Amino acid sequence: MTGSEKQDRVPVPRDERDIRDRALDALRSGRFAETERLLRDGDLGLAELTHELVVHQTELEMQAEELRETGRREMLAREHAQQLFSALPVPALTVESTSGEILQANAAATASFRVTGPSAESHALFRRLGEDAGQQDALAQAVVQAAAQGTAEMTEVALRQRDGRTMRGRVRLERIAGVDDGPPRLLAVIVDETAQREALARLDTSEKRFREIAESVSDVFFMTEGPGKKRTVYVSDGAAQLWGFDPSDGLPQGFNPLATSVLKADRLALDEAVDAMDSNELAVDFRIGRPDGTVRWLSCKARLASDGERLIGTLRDITDARRNEHRMQWLERHARCQARILELANAPRTPDATLIPEIIATIVASMRADQHPAVRIVLGEDEYLSEDWRAPPNPLRAPLRIRGHDEGLIEAGHAQPRCERPCAPDSPTCACRLLSGAYAVEDRESFDQISRQVVRILENRAMSDQLAQAERLATIGKLAGGFAHDFNNLLTVIVGQAETLSEAPDLAAPRRKSADSILNAALRASDLTGYLLSYARRQPLAPETITIERLLDELQPIASRVLGPNITIATRIGAGDLALEADAALLFNALRNLLLNARDAMPDGGRVTFSAHLNDPENPACGRPGCIDGVCLVIEDSGIGMSPEVLARAEEPFFTTKPPGKGSGLGLSMVSGFTQQSGGCLSMSSEPGEGTRVTLCLPRARNAP
């Protein structure tokens, strides 16, 4: 029927349509009598019925064509599905959903398993592909699940292959339509993961071995990724011990070996080294601060992985190596310092004002320049400071006890310690406090050695000065002794002749007076020569035992006569037998000279203290090691005292601070010579405005206990 014919047809009433359909049905069935009757009842023509029959036939033919086309398409789809099924690179099976029987297998399945489709063999059942009973039961349950729910999936499946080996992988079951309205089937796809699992097993074994190696060595292995390589992927267990954390607590949250606890002074350089790795390799040293306040040096060796995202490397504790390196550097600096100090010690005589700054500069050069070294040396009232001096908060100190100098000290330290740790200001382990109060062992070692060497240098200089002074005085003594001896011989003649003239009975009064003047002058000259001989230790001695009682009895009138009424005298006598052995006349003469000097030092009056005590050789009163085990006689005044320069020359013959005509300058030199000739020693101490103390140490009497 054409489209125009369909449009020209007039709608037929429902009852008429009903009769027509029944007539057409009877005609198709060959019931012609019934057809004729229905045509009469419905007042229908045969032509019209024939037309309807043709139209209906045409529609049936069109439907049949559509069915044939659908069948062809279905057949092609099945062929394509079969081709895909056969061409799948992985084993694929079709399984009967109720019995679990294998219906079909593709080439990959046939090659892997002993299956070709339905058969009496045991392998025809899908469940029999399992390696053992447990795996077979799991496969059977998967078939039931897929039949009921439409899908099922199994992982970690172990299947027995044709060659007896085990395939490990995944199995996925999907429900599909059956053939010819038969029961639904299951499509089973098997993914072989044996190689991957073996690779993973090898990787696990390798990682296990790697971890065993990583934990058996002291180095720390790490792997980081992300921006700045700040996200930790892996770090070996040794990191907890290296960073000073409790191993039982593990590493803190967010731990990163290239960031956690890195000292502030090293953090920027470390980040820059990571960002600018040369040839994908990293080699950098940095420091970390541990919870206990200690600082450790770490050496990092790392490189980028092949993906360019991960950084893999090791960390090694090089604190001891750094310490040894610093020790070697210190030894080198210390050796240079010692050599320079020895050079200064052997240099020609230079004043303290030149030598001490040179010593300070040498000490500064041996210290760490980055901590602003500061050195100070004090000798008496003189203070010597290093350049740009700033007082260290907690310096190293050592006393300087040098003969010929007042007590002093040497101190050294770091004036500007830096806080190199990101810690709270009130932290007890703050690096500021550590640096300001703690010094390395080599720092103390160096300071102790240098301070002892400085003491030796200054002592040697003092001893050299004393030796030069002693040699000069000895030369003067020899000259004075020789002169006094010869002059005394001449005086003997003069005195003898003057006495002869003075005793002549017929000598005129004017001449007798002149003879007496000559005799008195000669006697005074004889006393001076006696002083010179005493200083030169060539005076004839007549030693005898002098008890302390006799000494006090005979000294009292001398002191009263010499000191006068404006000066008081006090006496202090120590315990023990204080009998001594000396020439009595020369001893009292020596004490008389000391009292005269004390009187002249107190023109407005004052106080003199005389004391006597036993000398202790282990702690001698004179301060000179090796002094005798004797009796010390001490005369101490409250006078004007002496400056160090005057005190240093006080024992020189003819040296005096008195006005011309008021003193010969031989008093103290005679006392010193007499004391040394008697086997003792003399010492003096004095400060301007603090008076003077003179100590004579003389041998004890031979019969003293």
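Everything numeric here is computed off the predicted structure, so don't read it as measured data.

K.L.:
How should the overall build of the protein chain be read in this particular structure?
P.N.:
When you go through the protein chain residue by residue, the secondary structure sums to 18 helices and 21 strands. Counting every position in the protein chain, which comprises 705 residues, the buried fraction comes to 38%. Long-range pairs, those at least 24 residues apart, make up 57% of the contacts in the protein chain with a sequence separation of at least 6. Per element, the accessible surface of the protein chain, about 40,100 Å² overall, is 52% carbon and sulfur.

K.L.:
I would appreciate a short explanation of the nonpolar core in the present structure.
P.N.:
Grouped burial of nonpolar side chains is what soluble globular proteins tend to show. Leu-551, Leu-580, Leu-587, Leu-594, Leu-595, Val-608 and Leu-633 are the most contacted members of the largest nonpolar core, which totals 40 residues. Of all elements in the fold, only helix 15 (548-563), strand 17 (580-583), helix 16 (584-600), strand 18 (606-614), strand 19 (630-637), helix 18 (667-677), strand 20 (681-686) and strand 21 (692-699) reach the threshold of two or more residues within this core. At 10 residues, helix 16 tops the list of elements feeding residues into this core. Not counting residues up to four positions away in its chain, the partners in contact with Leu-595 are Leu-555, Ile-558, Ala-559, Val-562, Leu-563, Val-608 and Ile-635. Grouped together as the second largest cluster of nonpolar side chains are 24 residues, Leu-355, Ile-360, Ile-363 and Tyr-384 included.

K.L.:
Can you help me understand the packing of aromatic side chains in this one?
P.N.:
To describe a pair of aromatic rings, one takes the distance between the centres and the angle between the planes. A full pass over the atoms with the stated rule returns 1 aromatic pair. Look at Trp-243 and Phe-255: their rings are 5.0 Å apart centre to centre, the planes differ by 85 degrees, and that puts the pair in the edge-to-face class. Here Trp-243, found in helix 8 (residues 238-243), pairs with Phe-255, found in the loop between helix 8 and helix 9 (264-275); they are 12 residues apart in sequence, far enough to count as distant. Lying over the aromatic face of Trp-297, Arg-322 brings its terminal NZ or CZ to 3.7 Å of the ring centre.

K.L.:
It is not clear to me how unusual backbone geometry should be interpreted in this structure. Could you clarify?
P.N.:
Phi is mostly negative for residues that are not glycine, and the peptide bonds are mostly trans. Even without being glycine, Glu-156 reaches a positive phi, approximately 55 degrees. Unlike most non-glycine residues, Ser-261 shows phi in positive territory, near 65 degrees. Residue placement: Ser-261 occurs in the loop between helix 8 and helix 9. The class of Ser-261 is partly exposed, set by a relative accessible area of 25%.

K.L.:
Any chance you could explain the sheet that holds strand 9 (residues 295-304) here in plain terms?
P.N.:
Consider a sheet: its strands pair through backbone hydrogen bonds, and that pairing is either parallel or antiparallel. Taken in spatial order, the 5 strands of this open sheet run 7-6-10-9-8, and their pairing is antiparallel. Two strands in the sheet have a free side with no partner beyond their single neighbour: strand 7 (231-235) and strand 8 (281-289). Pairwise comparison of adjacent strand axes, ignoring direction, gives a mean angle of 30 degrees for this sheet. Across 5 bridges, strand 6 (residues 220-225) lies against strand 10 (residues 311-317) in antiparallel orientation. Considered in strand 10, the bridge of Thr-224 is made with Leu-311.

K.L.:
Please explain the packing of helix 10 (residues 319-346) against helix 11 (residues 352-365) as it appears in this structure.
P.N.:
A pair of packed helices can be characterised by two numbers: the angle between their axes and the separation between those axes. It is at 9 Å that the axes of helix 10 and helix 11 come closest, and there the two elements cross at 170 degrees. Here helix 10 is positioned roughly antiparallel relative to helix 11, judged by the angle of their axes. Two secondary-structure elements touch here, helix 10 through Arg-333, Cys-337, Arg-340, Ile-341 and Leu-344 and helix 11 through Leu-355, Glu-358, Ile-359, Thr-362, Ile-363 and Ala-365.

K.L.:
Hey, could you run me through the pairing of strand 7 in this one?
P.N.:
The side chains of a regular strand alternate between both faces of the sheet. Bridging between strand 6 and strand 7 involves 4 bridges; their strand directions are antiparallel. Its bridge partner being in strand 7, Met-223 is matched across the sheet by Tyr-234.

K.L.:
Would you take a moment to explain a negative patch on the surface for this structure?
P.N.:
Negative charge collects at one region of the surface, where Glu-381, Asp-382, Glu-687 and Glu-690 lie side by side. In this fold, Glu-690 is placed in the loop between strand 20 and strand 21.

K.L.:
Help me understand the sheet that holds strand 4 (residues 166-176), please; the structure alone is not making it clear to me.
P.N.:
Here we have 5 strands laid out as an open sheet, ordered 2-1-5-4-3, and antiparallel in their pairing. Each end of this open sheet is capped by a strand with a single partner; those strands are strand 2 (102-105) and strand 3 (151-160). Strand-to-strand twist across the sheet, computed as the mean angle between neighbouring axes with direction ignored, equals 25 degrees. In terms of strand pairing, strand 1 (residues 92-96) meets strand 5 (residues 185-192) through 5 bridges, oriented antiparallel. Within strand 5, the residue paired with Val-95 across the bridge is Leu-186. Across the face of the sheet, helix 6 (residues 133-149) comes into contact with strand 3, strand 4 and strand 5 while running at roughly 160 degrees to strand 3.

K.L.:
Help me understand the environment of Arg-170, please; the structure alone is not making it clear to me.
P.N.:
Inspection of the secondary structure assignment puts Arg-170 in strand 4. Look at Arg-170 and you get partly exposed, because its relative accessible area is 28%. Sequence separation of Arg-170 and Glu-193 is 23 residues, and the distance between their C-alpha atoms is 7.3 Å. Not counting residues within four places of it along the chain, the set of residues in contact with Arg-170 comprises Glu-153, Met-154, Thr-155, Val-189, Ile-190, Val-191 and Glu-193. Polar side-chain contacts of Arg-170 include one of 2.6 Å to the side chain of Glu-193.

K.L.:
In this structure, what is going on with the environment of Lys-229? I would like to understand it.
P.N.:
Among the secondary structure elements, Lys-229 is positioned in the loop between strand 6 and strand 7. Taking relative accessible area as the criterion, Lys-229 reaches 14% and is therefore assigned buried. Sequence-wise, Lys-229 and Ala-259 are 30 residues apart; in three dimensions their C-alpha atoms are separated by 9.6 Å.

K.L.:
I'm lost on the pattern of salt bridges in this one. Help?
P.N.:
Any two side chains of opposite charge can pair, on the condition that their charged atoms come close. Tallying each qualifying case throughout the model produces 23 salt bridges. Salt-bridge contacts for Arg-290 lead to Asp-292; the nearest nitrogen and oxygen are separated by 3.9 Å. Look at Asp-292 and you get partly exposed, because its relative accessible area is 48%. Of the charged contacts, one joins Arg-550 and Glu-544 as a salt bridge, the two residues approaching to 2.9 Å between their closest N and O atoms. Residue classification places Glu-544 among the partly exposed residues on the basis of a relative accessible area of 33%. Through salt bridges with shared partners, a single network forms among Glu-153, Glu-156, Arg-170, Arg-172, Glu-174, Glu-193 and Arg-197.

K.L.:
Looking at this structure, I do not really get helix 16. What am I missing?
P.N.:
Given 3.6 residues to a turn, an α-helix orients residues that are three or four positions apart in the same direction. Here helix 16 contains 17 residues, and its C-alpha end-to-end distance of 24 Å stays within 8% of the 24 Å for a straight helix at 1.5 Å per residue. For helix 16, a buried count of 12 out of 17 residues is recorded, marking the element as mostly surrounded by other parts of the structure. Of the residues making up helix 16, those classed as buried are Ala-584, Leu-586, Leu-587, Phe-588, Asn-589, Ala-590, Leu-591, Asn-593, Leu-594, Leu-595, Leu-596 and Ala-598.

K.L.:
Please explain the packing of helix 15 against helix 16 as it appears in this structure.
P.N.:
Orientation of helix 15 relative to helix 16, taken along the N-to-C sense of each, is 35 degrees, at an axis distance of 10 Å. Two packed elements cross with a definite hand, and for helix 15 against helix 16 that hand is right-handed. Touching Arg-550, Leu-551, Glu-554, Leu-555, Ile-558, Ala-559, Val-562 and Leu-563 of helix 15 are Ala-584, Leu-587, Phe-588, Leu-591, Arg-592, Leu-595, Leu-596 and Arg-599, all from helix 16.

K.L.:
Teacher, can you tell me more about helix 9 here?
P.N.:
In this model, helix 9 (12 residues) spans 17 Å end to end at C-alpha, consistent with the 16 Å of a helix rising 1.5 Å per residue. Among the residues of helix 9, those classed as buried are Asp-266, Leu-270 and Val-274. All buried residues of helix 9 project into a common sector of 70 degrees when viewed along the axis, lining one side. Exposed and oriented more than 90 degrees from the buried face of helix 9 are Lys-264, Leu-268 and Asp-275.

K.L.:
Just checking my understanding: could you explain the side chain of Glu-193 for this structure?
P.N.:
In this structure, Glu-193 sits in the loop between strand 5 and helix 7 (194-216). You can call Glu-193 buried: its relative accessible area is 14%. If we skip the residues at most four places from it in the chain, Glu-193 touches Arg-168, Gly-169 and Arg-170.

K.L.:
Where do I start with the confidence of the model for the protein chain in this structure?
P.N.:
Detailed conclusions should not be drawn from predicted coordinates in areas where pLDDT is low. Per-residue pLDDT for the protein chain averages 76, and the proportion of residues at 70 or more is 76%. pLDDT under 50 marks residues 118-123. Its contacts with residues more than four places away, or in other chains, come to 10 contacts. Here residues 417-438 scores under 50 on pLDDT; set against residues more than four positions off or in separate chains, the count is 44 contacts.

The rules behind these values
- Residues numbered from 1 in each chain as written.
- Predicted model: local features only at pLDDT ≥ 70, side-chain atom pairs only at ≥ 80, totals over all residues.
- Heavy atoms only, no water.
- Helix = DSSP H or I, 4+ residues; strand = E, 2+ residues; numbered from the N terminus.
- Buried < 20%, exposed > 50% of the residue type's maximum accessible area, 1.4 Å probe, protein only.
- Contact = heavy atoms within 4.5 Å.
- Areas by Shrake-Rupley, 256 points an atom, 1.4 Å probe, with all protein chains shown as cover.
- Core = buried A, V, L, I, M, F, W, Y, C linked by side-chain atoms within 4.5 Å.
- Phe/Tyr/Trp six-rings, centres within 6.5 Å; stacked < 30°, edge-to-face > 60°.
- Lys NZ or Arg CZ within 6 Å of the ring centre and 35° of its normal.
- Pairing = 2+ DSSP bridges.
- Axes fitted to C-alpha atoms, helices over the stretch in contact; angles between N-to-C directions.
- Parallel < 35°, antiparallel > 145°, perpendicular 65-115°, else oblique.
- Patch = residues over 30% accessible without salt bridge, like charges linked within 9 Å, V, L, I, M, F, W, Y side chains within 5 Å.
- Salt bridge = Lys/Arg side-chain N within 4 Å of Asp/Glu carboxyl O.
- Lys, Arg positive; Asp, Glu negative; His and termini not counted.
- Charge placed at Lys NZ, Arg CZ, Asp CG, Glu CD.
- Polar contact = N/O pair within 3.5 Å; in protein donor to acceptor, adjacent residues only side chain to side chain.
- Expected span 1.5 Å × (residues − 1).
- Left-handed = near helix turned anticlockwise from the far one by under 90°.
- Arc of directions from axis to C-beta.
- pLDDT = per-residue confidence, 0-100.

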